[in-house]
Amino acid sequence: MKVTTRRGSACLLVCLVTIAAFAGGALEPLERPLIDLRMRLLEREAHPQPIVIEIDPQSISAIGRWPWPRSLHALLLDRLTAAGAGDVFLDIDFSLPSEESEDAALEGALSRREGHTLLAAFRQWSEAQQAYVDIGPLPRFTVQGRLVSANLIPSQDGLVREVPMSLPWRGSKLPGVATAMLQLDAAVQRSFFIDFGIDTSSIARLSYIDVVSGNVGPELLAGRPIYVGATAIELGDMLAVPNHRVMPGIVVQMLALQSLMLERDLQRLPFWLMVLSVCGFVLLLAFLTRQRSYNTNLLIICGGNALLWGGAVAVQAAAPVVLDVVPFTLASCGTGALSFLLRFRSVAASLVNETLARNRSEKLMGAVAQNAFDALITADSNGAIRSINKAASEMFGLTPGAAEGRALAELLARPNALSRQPLAGALRQIKSAGRPRRLVCRRSNGELFYADLTIGELVEDGASVFVLMVRDIDRRVKAERRLLTRERELRRAKTDAEVANQSKTEFLANMSHELKTPLNAIIGFAEIMEQELLGPVGKPQYLAYAKDIRESGQRLYHTVSDVLEFSRIEIDDLVVQDQAFSLLELCHRIASRLAPRIAEKSQHLETVLPAAELRFRGDERLLGLALAHILSNAVKFTPPQGRIGLTLEDHADGGIAITVSDNGVGIEPDKIESCFDAFTQANSGLERSHEGAGLGLTLAKRFIELHQGTIVLQSELGQGTTATITLPEARREAGDLLRSA
């Protein structure tokens, strides 16, 4: 009865743990790869009707620019209308106005489609508003078409697996693309798994430029649903998906449509049915594994899981159903483990009783001798060992039985040096000294060690019995020797490290010089090709490549220059020029130098500079580099449309403050100080999204400190950063200081 109760409790525990793990989503990281594997095993052809019109590299190259004019999309729609194509989904953003003529052309083409065009609407996160915003086509377009939600939401592992029938948008619900294309009921609140077993190579595809150019016959388009979207990698519309790693968003939308058309919109079993199935599976395994051998139970559990996994593949092949197998596998393993534990419960109890009995027996032995910290050995007058305690057994590696009768001299480093009779006299001599004697002893494995030996002598039945107390001091002796050796090694290592650091710094300086010469040539030739000074270079892509070479070379040149400046500081080889210059002109020059980068990111630079001249004595080049690094960081870490401020102030105490502020990503408080460390960025690691060697702020701080100035960073994550440079009154130009007074 007790065994049955324990088995029932164990089964209940397994069911509860499995259901809790399943309900809490803890099994999802294991289940998702298995679902993906079954999709790979069950590959099938795509439905032949739908067509993807690709915005591919061929089309981009033929048209020669991006984004394309909306009149081109209007021409595409007119081509499709003339060919009698079915519903058309445009996975293109029309949320911002273009030229009036372009917008009018697209509006007219949409009108001629008579409502058979699906326009994409999106919900996406806005950093500026710190909230999700709904984005859709211009109202003049939505009147002529039908809005659909083009959002694809990834699962917890970052892969897109499921597609909802509808999604919220501006206080209402919008149907998904596939739902609207097939005119299904969007009010159904459910989602389905995309069948990634559908062969994407079997999907009908046409190039955008071929359709627009009229190179595709109307018979290929008549009556067929059309998806239009980007497949070119350079346009960035790529999604992480199972089995394919990444896939264009328009192809994922097409697979969702294919899943519905092929009736492969996969659904999981309801939760209540999974609970009943898991409980029934556990009870079945408990019944089959009762009173059987361990090997038989193992075969039953493995066979049950094999049937279950094979059944999951068969079910998914025959019907659009996804069967979760990990809960069953977890439950079977738990059932087997608990059955094994219950079987061995009685064996464990007997082992515990035996251990307790042995412990009681050991406590009854000679408590003092056997549990002494030092090794105790008893020997007769002939030097034959009679007994040893536990510490001696561990010290010499001998069991009490093996040690009994053995010559005491064998435990010393030189067992053949003394016979048994002289050994007794030697023991008495050590005893009479009244202090421990340091000896070298030998363990049973031949290992030598240092020990202190103290001798006592007892008389038993008229015969002398020697009691030897041996203390292992090998670690202490060797530690003393290692300490002396370590001190010598540390002195030598310190000298070697200083030499190596000097060599490293000199190497960096030399290599930086060697790199700058070829970089100047690379940048110069790239500029010649980019500006076509020697004649046209051919295709427009070559100009883009030349620009990329120039910009990459300039970034590398600046990095090498930073490393060179850093190495000069390291070896104290940086000479600070002491000349008078205008801080106002310096600020204007640095701001003008960075203006193209600021304009490229659509940022706004606000400058607050005094009308009066501010003269300063120092190295204009070093201070310019420091300000350029700080302002460049503000541009780098501020998002598009962001604000950057540059302020030059004349303090009442004679000091000068230069402030650079932004409303960028900000810095975590505990990482502000580390920003000044060499080769360090606040946003570091594999997920780093900004280039740079991590020397900008380091060099800026060193250059400012060479002018007896200070730099302070104030930042709040998500709100922006303010860098304040304070320059001392002592370096103000004397005449300028009198004018300001």
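Given the structure is predicted, the values throughout are model-derived calculations rather than measurements.

## Overview of the side chain of His707
Mapped onto the fold, His707 is located in the loop between α22 (696–706) and β26 (710–716). Dropping the residues within four chain positions of it, His707 is found in contact with Val576, Phe616, Arg617, Gly618, Asp619, Leu622, Leu623, Pro728 and Arg731.

## Examining the environment of Pro33
Along the chain, Pro33 turns up in helix α2 (residues 28–41). Separated by 210 residues in the primary sequence, Pro33 and Asn243 place their C-alpha atoms 9.1 Å from one another.

## A few points about the state of the cysteines
Taken as a whole and assessed by the stated rule, the structure comprises 0 disulfides. Cys15 supplies the cysteine sulfur nearest to Cys11, a cysteine that is in no disulfide, at a spacing of 6.7 Å. With no disulfide partner, Cys15 has as its closest neighbouring cysteine sulfur the one in Cys279, 4.0 Å distant.

## Notes on helix α9 (residues 249–261)
Relative to the 18 Å expected for 13 residues at 1.5 Å per residue, α9 spans 19 Å between its end C-alpha atoms, a close match to the ideal helical length. Buried residues of α9: Gly249, Ile250, Val251, Val252, Gln253, Met254, Leu255, Ala256, Leu257, Gln258, Ser259 and Leu260, and no others. Positive phi appears at Glu263, one or two residues downstream of α9, with a value of about 55 degrees.

## Quick look at the sheet that holds strand β18 (residues 437–442)
Strand pairing in a sheet takes place through backbone hydrogen bonds and is either antiparallel or parallel in direction. On the basis of which strands lie adjacent, the open sheet formed by 5 strands has the order β17-β16-β20-β19-β18 and antiparallel pairing. The open sheet has two free edges, formed respectively by β17 (385–388) and β18, since each of these has just one partner strand. Recorded for the sheet is a direction-independent mean angle of 35 degrees between the axes of neighbouring strands. Inspection of the sheet shows strand β19 (residues 448–460) paired to strand β20 (residues 463–472) by 10 bridges, in the antiparallel sense. Residue pairing in the sheet places Gly456 in a bridge with Val467 of β20.

## Observations regarding the packing of aromatic side chains
Counting across every chain of the model gives 9 aromatic pairs. With a centroid separation of 5.1 Å and an interplanar angle of 75 degrees, the aromatic rings of Trp66 and Trp68 are classed as edge-to-face. Ring pairing ties together the aromatic residues Trp66, Trp68 and Tyr208, which thus form one cluster. Above the face of the Phe449 ring, Arg443 is positioned so that its terminal group lies 4.0 Å from the ring centre.

## Observations regarding the nonpolar core
By size, the foremost hydrophobic cluster in this structure holds 41 residues, and its most contacted members are Leu583, Ile630, Leu648, Leu713 and Leu727. Listing elements by their share of this core, those giving two or more residues are α20 (583–600), α21 (620–636), β24 (643–650), β25 (656–662), α22, β26 and β27 (720–727). Of the residues forming this core, the biggest block, 9 residues, is contributed by α21. When residues no more than four places from it in sequence are discounted, the contact partners of Ile630 are Val660, Leu697, Ala700, Ile704, Ile711, Ala723 and Ile725. Among the nonpolar cores identified, the runner-up in size contains 37 residues, and Val163, Met247, Leu255 and Leu260 belong to it.

## Re the environment of Gly86
Along the chain, the position of Gly86 falls in the loop between α4 (70–83) and β2 (88–90). Considered as a pair, Gly86 and Arg224 are 138 residues apart in the sequence and their alpha carbons are 4.8 Å apart. Excluding residues within four positions of it along the chain, Gly86 makes contact with Arg113, His116, Leu221, Gly223 and Arg224.

## Concerning the packing of α20 against α21
Between α20 and α21, the shortest axis-to-axis distance is 10 Å and the interhelical angle comes to 35 degrees. Where α20 crosses over α21, the two elements pack in a sense that is right-handed. For the pair formed by α20 and α21, the contact residues are Leu586, Cys587, Arg589, Ile590, Ala591, Arg593, Leu594, Arg597 and Ile598 on the first element and Glu620, Leu623, Gly624, Leu627, Ala628, Leu631, Ser632, Val635 and Lys636 on the second. Of the residues that constitute the contact of α20 with α21, the class distribution is 11 nonpolar, 2 polar and 5 charged.

## Thoughts on the pairing of β17
Pairing between strand β16 (residues 375–380) and β17: 3 bridges, direction antiparallel. Bridge pairing in β17 links Ile377 to Ile388. Connecting β16 to the antiparallel partner β17 that follows it, the hairpin turn spans 4 residues, and Gly383 within it adopts a positive phi of roughly 85 degrees.

Criteria and cut-off values
- Residues numbered from 1 in each chain as written.
- Predicted model: local features only at pLDDT ≥ 70, side-chain atom pairs only at ≥ 80, totals over all residues.
- Heavy atoms only, no water.
- Helix = DSSP H or I, 4+ residues; strand = E, 2+ residues; numbered from the N terminus.
- Contact = heavy atoms within 4.5 Å.
- Disulfide = S-S within 2.5 Å.
- Expected span 1.5 Å × (residues − 1).
- Buried < 20%, exposed > 50% of the residue type's maximum accessible area, 1.4 Å probe, protein only.
- Pairing = 2+ DSSP bridges.
- Axes fitted to C-alpha atoms, helices over the stretch in contact; angles between N-to-C directions.
- Phe/Tyr/Trp six-rings, centres within 6.5 Å; stacked < 30°, edge-to-face > 60°.
- Lys NZ or Arg CZ within 6 Å of the ring centre and 35° of its normal.
- Core = buried A, V, L, I, M, F, W, Y, C linked by side-chain atoms within 4.5 Å.
- Left-handed = near helix turned anticlockwise from the far one by under 90°.
- Nonpolar A, V, L, I, M, F, W, Y, C, P; charged D, E, K, R; others polar.

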